[in-house]
Amino acid sequence: MSITIIGTGLFGTALALNLSSAGKSVTLWSSRENISQSFKSNQMALFENIKLIKVSDTLTMTESLKNALVTTSVLIMCKSSQYTSPFLEQNSLLIKNLPIVFCAKGIDSENLLLQTEIDDKIRPGQVNAVLTGPSFAKDIALEKPTALTLACNDLKKGVLLQ
């Protein structure tokens, strides 16, 4: 399974590190040049230098969303709820039929919708899921015992996403 993660904050980066350590092919997407340049220099400090990410064959980063999605089979969205609607509206053609796993808590303050409700409105009938804790990004990155729960609107896809 090839995974693209939108969001290079603590949680998105922690998921990328953990999933790539488990042998999954992961691409992080960031439009922020300083993040991309740091990553491309072959290491990026995470959590105040607690752990360094080493670029590997299974973990890459790109500033091009189009390139990130070429071979991906699932999109993990680790951006705030306020970012969901504009992102999906601007990129709906690129992400078409991809299942999206949403990781942010809260609702969009403008339209008072959850991320999955926004997705249902913009991409009706598409698979979406929610990944939630209790967990902390630091514990995920350091591969400490933690628990996450996945809820999906499609049982078969939900089993594959686990």
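Notes on the structure follow. Keep in mind that this is a model prediction, so the values were computed, not measured. (Residues numbered from 1 in each chain as written. Predicted model: local features only at pLDDT ≥ 70, side-chain atom pairs only at ≥ 80, totals over all residues. Heavy atoms only, no water.)

**Observations concerning helix H1 (residues 10-21)**
So the rule is basically this: Elements are defined by DSSP. Helices are runs of H or I of four residues or more, strands are runs of E of two residues or more, and each kind is numbered from the N terminus. To estimate the expected span of a helix, count its residues, drop one, and scale the result by 1.5 Å. Think of it in three bands: residues with accessible area under 20% of the maximum for their type are buried, residues over 50% are exposed, and the middle band is partly exposed, with areas taken using a 1.4 Å probe on protein chains only.
Taking 1.5 Å per residue, 12 residues should reach 16 Å; H1 reaches 16 Å between its end C-alpha atoms and fits that length. Here H1 has its buried residues at Gly12, Thr13, Ala14, Leu15, Ala16, Leu17 and Ser20.

**Focus on the pattern of salt bridges**
Our working rule: Each salt bridge in this description consists of a side-chain nitrogen of Lys or Arg and a carboxyl oxygen of Asp or Glu lying within 4 Å of one another.
This structure, assessed with the given rule, holds one salt bridge. With a closest N to O distance of 2.5 Å, Arg123 and Asp119 form a salt bridge. Each member of the pair, Arg123 together with Asp119, is buried.

**Focus: unusual backbone geometry**
The backbone of Leu112 sits at a positive phi, close to 55 degrees, despite the residue not being glycine. On the secondary structure map, Leu112 appears in the loop between strand E7 (100-102) and helix H5 (115-122). By relative accessible area, Leu112 is classed as exposed at 59%.

**Topic: the state of the cysteines**
This is how it is decided: Cysteine sulfur atoms that pair up within 2.5 Å are treated as a disulfide.
As enumerated under the stated definition, the model contains zero disulfides in all. Here Cys78 stays free of any disulfide, with the sulfur of Cys103 as its closest cysteine sulfur at 3.8 Å.

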